[in-house]
Amino acid sequence: MPDKNKLNIGIVCYPTYGGSGVVATELGLALAAKGHSIHFISYRQPERLGPHYHNNISVHEVRPQNYPLFEFPPYELTLIGKMLEVVKFEKLDVLHVHYAIPHAFSAYNAKLILASEGLKIPVITTLHGTDVTLVGKDNSVAPVVKYSMEQSDYLTAVSEFLKEETHQFFGIHKEIHVIPNFIDFDKFSKKQFAHFKTSIAPNDEKIIVHVSNFRKVKRVQDVIKTFAKIKAAMPAKLLLVGDGPERSKMEALCRELNLCDHIRFIGKLSAVEDILSIADLFILPSETESFGLAALEAMACECPVISTNVGGFPEINIEGKTGYLTNIGDVEKMAEVSINLLNNKELHNQFRVNAFKRAQEFSLDKILPFYESLYLKAVEEIH
Ligand code: GMT
């Protein structure tokens with residue numbers, strides 16, 4: 001049996017700047033800091049790892065072959081190959097894959113191939129959101145996603161909502177362990193950035209922030225329309241952090257509404273906590289959101305949240321305490337509650353305190369043991 005305090009853990013994830021990539025990277029960093037050896041397997045170095053060397057962490061890049069025949073290079077196969085290599089030569093104890101597509105499928109196949117060579121490796125799959133609620137539901141992949149989830153040794157989901165949605169849509173009977181996303185408070189605590197705030201809002205304007213990957217599902221247009229109403233009621237600035245397919249349209253909408261002087265598109269930013277530290281209000285009006293880590297990160301920086309009342313939002317954002325939850329697309333309501341809150345200093349301060357306290361319930365030290373005990377269970381069962 002491996003030493004339970006020094007497991008060799010393979011973390012398979014997307015390297016991207018948001019969502020599951022961030023959770024997987026922060027998890028790996030925290031595990032490495034506790035003495036475990038972490039091997040990230042991804043098509044690029046995960047963004048959140050940053051430029052510095054980390055003890056106990058290595059990155060293994062997956063580079064699919066190009067060949068004139070391939071219009072679509074076979075990523076899943078190369079990923080399986082990389083998993084085999086890393087499991088064997090780095091002597092992994094467990095493979096933890098984030099986002100089911102295609103990671104759960106590749107991990108299951110790697111497990112089968114390794115078993116044919118007499119090697120055992122448990123696979124844990126963490127479902128994050130669109131792998132179930134959007135992409136995974138497509139007929140072209142749904143049976144494969146269902147099968148690979150069922151074959152994982154353990155299945156976790158980041159919210160009760162996602163667990164229910166997975167059971168309902170895929171009709172799987174396998175137990176799903178809910179392990180919510182978490183905050184590393186060493187990173188996400190409000191910084192004292194008075195000078196920075198003054199440079200962005202020299203006339204003491206209220207600062208509204210939105211962070212996302214600018215996909216349709218995020219409904220960034222609702223942020224801008226809500227902001228237009230807030231701006232009509234008080235001096236305010238809107239900071240939009242992130243980038244993605246909807247960005248050009250959103251820039252056009254700002255021009256159309258004649259708001260360009262009051263809205264800044266910052267683009268992708270690794271240290272989102274810098275912006276969240278000067279925020280008065282965070283708006284995330286998504287059509288669906290399995291958890292809403294971006295909202296929780298805002299709350300960790302003492303910023304109240306206006307979200308929709310869908311998906312996992314009600315599990316983190318408490319109506320009338322840490323923010324407000326509105327119907328999808330109800331820009332009138334979003335603006336009304338925002339203006340009321342921003343106009344009431346005492347209430348706003350109370351919401352700031354509540355948001356911070358709520359976020360503390362999701363602190364890294366509370367959540368990490370759930371993953372560690374699952375790894376141990378999986379490792380013990382296979383030996
Ligand atoms: O949709 C995204 O923003 C990315 C996506 C992912 O899996 O990469 O994010 C999902 O996972 C996050 C981390 O668990 C959750 O906080 C997001 O709510 C979830 N996104 C959606 O459900 C739309």
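Residues numbered from 1 in each chain as written. Predicted model: local features only at pLDDT ≥ 70, side-chain atom pairs only at ≥ 80, totals over all residues. Heavy atoms only, no water.

Enquirer: Could you clarify how one ought to interpret the sheet that holds strand β3 (residues 57-61) in this entry?
Expert: Strand-to-strand pairing in sheets goes through backbone hydrogen bonds, with the strands running parallel or antiparallel. Overall, parallel pairing links the 7 strands, which are arranged β3-β2-β1-β4-β5-β6-β7 in an open sheet. In this open sheet, the two edge strands, each paired with only one partner strand, are β3 and β7 (176-178). Strand-to-strand, the axes of this sheet are offset by a mean angle of 25°, without reference to chain direction. (Pairing = 2+ DSSP bridges. Helix = DSSP H or I, 4+ residues; strand = E, 2+ residues; numbered from the N terminus. Axes fitted to C-alpha atoms, helices over the stretch in contact; angles between N-to-C directions.)

Enquirer: For this particular structure, what's the right way to read the site of the ligand?
Expert: Contacts to the ligand come from 18 residues, most closely from His128, Asn181, Arg215, Glu289 and Ser290. Side-chain polar atom of Arg215 to an oxygen atom of the ligand: 2.6 Å apart, as the coordinates give it. Glu289 places a polar side-chain atom, nitrogen or oxygen, 2.7 Å from an oxygen atom of the ligand. With 3 residues, helix α1 (residues 19-33) is the largest single contributor of residues to the shell around the ligand. Counting contributing residues, the shell around the ligand receives three or more from each of domain 1 (8-182 + 364-382) and domain 2 (194-360). (Near = heavy atom within 4 Å. Polar contact = N/O pair within 3.5 Å; in protein donor to acceptor, adjacent residues only side chain to side chain. Domains from an automatic or database assignment.)

Enquirer: Sorry, what's going on with the domain arrangement of the chain here?
Expert: Much of the literature gives interface size as the accessible area that the parts lose upon coming together. Considered domain by domain, the chain is made up of domain 1 (8-182 + 364-382) and domain 2 (194-360). Taking only C-alpha atoms into account, the centre of domain 1 sits 31 Å from that of domain 2. Facing 18 residues of domain 1, the contacting portion of domain 2 comprises 20 residues. Inspection of the region where domain 1 meets domain 2 yields 1 salt bridge. One salt bridge connects Glu297 with Arg48, and the closest N-O pair in it is separated by 3.5 Å. The set of elements that each furnish at least two residues to the side of domain 1 that touches domain 2 consists of α1, α4 (130-133) and α6 (160-170). Its residues assigned to classes, the side of domain 1 that touches domain 2 shows 9 nonpolar, 6 polar and 3 charged. (Contact = heavy atoms within 4.5 Å. Salt bridge = Lys/Arg side-chain N within 4 Å of Asp/Glu carboxyl O. Nonpolar A, V, L, I, M, F, W, Y, C, P; charged D, E, K, R; others polar.)

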